[in-house]
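# Survey of secondary and tertiary structure
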Amino acid sequence: MAVEDHRGSLIVVTNREPYIDEKAAQGIRRLQSAGGVVSALDPLLQRSGGAWVAWGSGSADRETAPGGVRMVPPIDPKYPLHRVFLSPEEVLGYYNRYSNQGLWPLSHMLIERTQFSREAFHLYRRVNQKFARRVASLAPPNGSVFSHDYHLALFPRMLRELRPDVAIAHFWHIPWPPFTLFRLCPQHQEITRGLLGADILGFQTPQDVDNFLTAVERGLKIPVDRTQGVIQVGTHRVVVRDYPISVDITAIEHMVNTPRIQRWTAGIRKRARNHHVSLAVSVDRADYTKGLLQRLQAIDKFFAQYPEHRRRITFLQVVVPTRTEVRAYRRLYDQFVDASARINDKYGDRGWTPMVHIRRSIDRPRLMGLFRAADYALVSSLFDGMNLVAKEFVSSQIDNQGVLLLSEMTGAAQELEEAFHFNPLDPDDVAEQLHRAAIISPEDRARRIKSMREHIHDHTIYDWITRIIRDLNDVAHTYATP
Ligand code: ADQ
């Protein structure tokens, strides 16, 4: 069955919209969201119709969407984007508090950062209901819906109650914690039950699937079939599988090969050569799950324990501030800047700066060109559902040169076996792996990166979508044929 076989009836539902309109001094600035999900699903909807439903978060979003609908892409529109508008109170309760200060830290097993409140949950539920009503009013008979992530955990069940004829796939992008932790969520039963409204429930790794099945067994006392990954809830059957998300490696290879990006890459390499240094890059949102401060501790240890690498490696860190409305995030960013400066004070000398720091988002082609220019990438997440940066770095290495150092706590580490893996909470381990990476033979380096590139060629973002949509289509056909 072809991926396109949903006959224009696929509705994609996400918290973040694929196209945002912001008020700017010169009128309205149209922005397109980057990221794997948008870049894979947007072309699919552009080809085959369907619709996208998301929170209209841009300051000019109401203006450009009369009646809450805007055709997108803005140039040569192909499909409708239905914007769900939220009051400031709803944004605070649903997004900042319940999603980002509750479910996000708990799913990443950072209990002391986790805060729940009934009031926030009330708003979370209200917003999920808004999404469900909107989608229920749009979905054609026997249509298919593909919803996403921890912001919308209650949505599948709410939609099923309103529209039992619709087939629903829901993908959870972040880790699912062990039940001993997940039960700390005061609404854990409602969250789990909400997700069971889907027909297809997708997670990043087999471990996440396993943890979810345990939450169903122990939290809801519903039996699960672990060998098939199937849960029967009354007459409703839920299939739970791992669908590891990936990147469009061919597009990345193409990007880094364009003359403009080749020039950019060559410029970065030249600057590094002039300073006689190799380049190690890290690219993250400034989020405490990404292990930014632990990374700096490890780098300090690396220069202390292996002084032969001083003046030989510069760590380039591209960090975008994120969720700055949450105090913990602002504090983290300041601590990160201070700790980087301390390493520079301690080790920097004779024109060598150990830590260079870029505080902004870099457009995608340039970011891929930067990855290609780098000798190493260092991904140090404490927990990460997948981590696309690791896969992007590997994809950009068309010269089979770069070395990936990857936290073993990422979903990506389960697939990218040829990376140098480390425990992000063990600075001695990180320092040792950095040293091993720095003295690797050219043959070993080429073998490792080639093997990882092959793996990504065999498991692209399109394979991810194809598997999910195929499974969803199978369900949709059973609904359509009574
Ligand atoms: P994130 O936590 O956002 O995603 P990640 O998977 O690394 O983490 O994706 C980040 C994306 O943003 C990458 O495509 C990266 O290139 C881009 N990015 C980061 N910093 C940037 C910068 N300064 N400039 C430009 N681009 C930047 C969540 C989960 C992950 C999961 C993804 C997808 O937390 O575990 O892999 O969803 O499912």
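The rules behind these values
Residues numbered from 1 in each chain as written. Predicted model: local features only at pLDDT ≥ 70, side-chain atom pairs only at ≥ 80, totals over all residues. Heavy atoms only, no water. Buried < 20%, exposed > 50% of the residue type's maximum accessible area, 1.4 Å probe, protein only. Helix = DSSP H or I, 4+ residues; strand = E, 2+ residues; numbered from the N terminus. Pairing = 2+ DSSP bridges. Right-handed = clockwise from strand over helix to strand, strands pointing away. Axes fitted to C-alpha atoms, helices over the stretch in contact; angles between N-to-C directions. Parallel < 35°, antiparallel > 145°, perpendicular 65-115°, else oblique. Left-handed = near helix turned anticlockwise from the far one by under 90°. Contact = heavy atoms within 4.5 Å. Nonpolar A, V, L, I, M, F, W, Y, C, P; charged D, E, K, R; others polar.

### Overview of the pairing of strand E16 (residues 376-379)
Each regular strand shows side chains that alternate between the opposite faces of the sheet. Burial along E16 is two-sided: the residues Tyr 376 and Leu 378 and Ala 377 and Val 379 are all buried. Judged from the 2 bridges that link them, strand E13 (residues 278-285) and E16 form a sheet pairing that is parallel. Paired with Val 281 across the strands is Ala 377, a residue of E16. Looking at chain direction, E16 and strand E17 (residues 403-407) are connected through 4 bridges and run parallel. Residue Tyr 376 lies in a different strand from E17, and its bridge partner there is Val 403. Crossover connection from E16 via helix H13 (residues 388-396) to parallel E17: handedness right-handed.

### A short note on the sheet that holds strand E8 (residues 167-171)
Across the sheet, 10 strands lie side by side as E5-E6-E4-E1-E7-E8-E9-E12-E11-E10; this open sheet has mixed pairing. The two strands at the open ends of the sheet, each matched to only one other strand, are strand E5 (69-72) and strand E10 (224-225). Strand direction decides the pairing type here: strand E7 (residues 144-148) and E8, joined by 5 bridges, are parallel. Pairing of Ser 144 across the sheet is with Ala 167, part of E8.

### Remarks on the packing of helix H6 (residues 188-195) against helix H7 (residues 206-220)
Direction vectors running N to C along H6 and H7 enclose 125 degrees, while the axes themselves pass 10 Å from each other. Compared by their axis directions, H6 and H7 come out oblique. In the crossing of H6 with H7, the sense of the turn from one axis to the other is left-handed. Side by side, H6 and H7 meet where His 188, Gln 189, Thr 192, Arg 193 and Leu 195 of the first sit next to Phe 212, Ala 215, Val 216, Gly 219 and Leu 220 of the second. In terms of residue class, the contact of H6 with H7 is made up of 5 nonpolar, 4 polar and 1 charged.

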